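Fold and geometry: a report
Residues per chain, in single letters:
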Amino acid sequence: MGIAEALRKVQRRIIDAAVRSGRDPADIKLVAVTKTVEPPAIIEAIEAGVLILGENRVQEAQKKVEKIRVTPPAPSLGKVGTTGGVEWHLIGSLQKNKVKPAIELFDLIHSVDSAALAEEINRHAAGTGKKQRVLAQVKLSEEESKHGITENLLMDLLARISALDFLELEGLMTIPPYFEDQERTRPYFRKLRQLKNKAIDEGFTLNELSMGMSNDFEVAIEEGATLVRIGT
């Protein structure tokens with residue numbers, strides 16, 4: 001199956017999940033995960049209609065963004081991001097020593113999980129004059145491999161981020177445990193939506209919920225996802 005056909009099938013599933021849950025499909029954005037994907041395939045995906053690319057690592061994104069700049073894809077009809085025709089999102093964890101290049105590369109950082117990291121992003125963003133869009137990553141599972149702020153500390157982190165002049169807080173992100181049965185991820189997605197609603201009640205403006213990947217994005221959409229991260 002070619003990239004264009006695979007993209008159409010995923011988009012159809014996104015639409016079906018949205019309609020099934022009484023949502024407008026236009027409210028859900030596909031983040032095409034490009035981990036381990038080479039630039040020619042990324043360019044093909046952009047030409048097929050992908051508007052948002054998600055990378056896990058800053059170093060890998062640096063190489064790809066440069067190559068795509070040298071060989072630009074066909075002009076996109078979507079919003080123009082930092083690198084031209086598409087937006088690049090950082091969906092993996094961010095180390096403090098990679099903050100400066102991350103700000104140069106990414107339109108949206110999904111993985112802010114501490115006040116210290118937020119302050120470091122703010123410091124570098126101030127130096128460039130860019131207002132960096134961010135999501136707060138929440139850890140809702142007990143898995144050691146998962147990153148994120150814990151539920152009981154989330155509101156404090158949101159307040160700290162909101163107080164920084166060069167950060168734009170847009171929403172929340174989470175990564176649940178992997179289950180073969182996607183229904184088992186539903187409680188994690190529902191919890192993140194509830195935390196978003198609680199934060200809104202406390203005065204924060206949050207529009208985005210980044211949750212759901214290739215194996216469980218339909219359940220995530222049913223529970224309120226606005227950004228689904230799909231690679232397979």
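Look above for the structure.
The rules behind each value
Residues numbered from 1 in each chain as written. Predicted model: local features only at pLDDT ≥ 70, side-chain atom pairs only at ≥ 80, totals over all residues. Heavy atoms only, no water. Buried < 20%, exposed > 50% of the residue type's maximum accessible area, 1.4 Å probe, protein only. Helix = DSSP H or I, 4+ residues; strand = E, 2+ residues; numbered from the N terminus. Pairing = 2+ DSSP bridges. Arc of directions from axis to C-beta. Contact = heavy atoms within 4.5 Å. Axes fitted to C-alpha atoms, helices over the stretch in contact; angles between N-to-C directions. Parallel < 35°, antiparallel > 145°, perpendicular 65-115°, else oblique. Left-handed = near helix turned anticlockwise from the far one by under 90°. Nonpolar A, V, L, I, M, F, W, Y, C, P; charged D, E, K, R; others polar. Salt bridge = Lys/Arg side-chain N within 4 Å of Asp/Glu carboxyl O. 1 Å grid on protein atoms, 1.4 Å probe; cavity = no way out; pocket = protein on both sides within 12 Å on 5 of 7 lines; lining within 4 Å. Points joined across faces, edges and corners; volume = space filled by probe spheres on them. Polar contact = N/O pair within 3.5 Å; in protein donor to acceptor, adjacent residues only side chain to side chain.

Here we take up the pairing of strand S9 (residues 227–230). What you see with S9 is no split at all: Leu 227 and Arg 229 on one side and Val 228 and Ile 230 on the other are buried throughout. As paired strands, strand S1 (residues 29–33) and S9 are joined by four bridges and run parallel to one another. Bridge pairing in S9 places Val 31 opposite Arg 229.

Our next topic: helix H6 (residues 154–162). All of the buried residues in H6 are Leu 154, Met 155, Leu 157, Leu 158 and Ile 161. Buried residues of H6, viewed axially, fall in a sector of 160 degrees; they line one side. Those residues of H6 that are buried lie in contact with strand S4 (108–112), helix H5 (115–128), strand S5 (132–139), strand S6 (149–150), strand S7 (167–173) and helix H7 (186–201).

This paragraph deals with the packing of H6 against H7. Interhelical geometry of H6 versus H7 gives an angle of 55 degrees and a closest axis separation of 11 Å. In terms of orientation, H6 and H7 fall into the oblique class. Of the two elements, H6 crosses H7, and the hand of that crossing is right-handed. For the pair formed by H6 and H7, the contact residues are Leu 154, Met 155 and Leu 158 on the first element and Leu 195, Lys 198 and Ala 199 on the second. For the contact of H6 with H7, a count of residues per class yields five nonpolar, no polar and one charged.

A word on the pattern of salt bridges. Under the counting rule described, the total for this entry stands at 17 salt bridges. Taking the shortest distance from any N to any O, the salt bridge between Asp 16 and Arg 12 comes out at 3.1 Å. Pair noted here: Asp 16 and Arg 12 are both in helix H1 (residues 3–20), with a separation of four residues, about one helical turn. Measuring nitrogen to oxygen at the nearest pair gives 2.6 Å for the salt bridge that ties Lys 64 to Glu 55. Comparing Lys 64 with Glu 55 shows no difference in burial state: the two are buried.

With the exception of glycine, most residues fall at negative phi, and the peptide bonds are largely trans. Backbone geometry at Thr 36 places phi at a positive 70 degrees, although glycine is not the residue there. Structurally, Thr 36 is set in the loop between S1 and helix H2 (39–48). Overall, the relative accessible area of 63% leaves Thr 36 in the exposed class.

The subject of this paragraph is the environment of Leu 172. As for its placement among the helices and strands, Leu 172 is situated in strand S7. The spacing of Leu 172 and Ser 111 is 61 residues in sequence and 8.8 Å in space, taken between C-alpha atoms. Ignoring anything within four residues of it in the chain, the contact list for Leu 172 reads Leu 135, Ala 136, Val 138, Leu 154, Leu 158, Leu 192, Leu 195, Lys 196, Leu 206, Glu 208, Leu 209 and Ser 210.

As a further point, take empty space enclosed by the protein. Within this structure, the stated rule accounts for one cavity of 30 Å³ or more. Roughly 30 Å³ of internal volume is contained in the largest cavity.

This paragraph deals with the environment of Glu 180. Position of Glu 180 relative to the elements: it lies in the loop between S7 and H7. By relative accessible area, which is 71% here, Glu 180 ends up exposed. Separated by 35 residues in sequence, Glu 180 and Asn 215 have C-alpha atoms that sit 7.7 Å apart. Within the structure, the side chain of Glu 180 is placed 3.3 Å from the side chain of Tyr 178, a separation counted as a polar contact.

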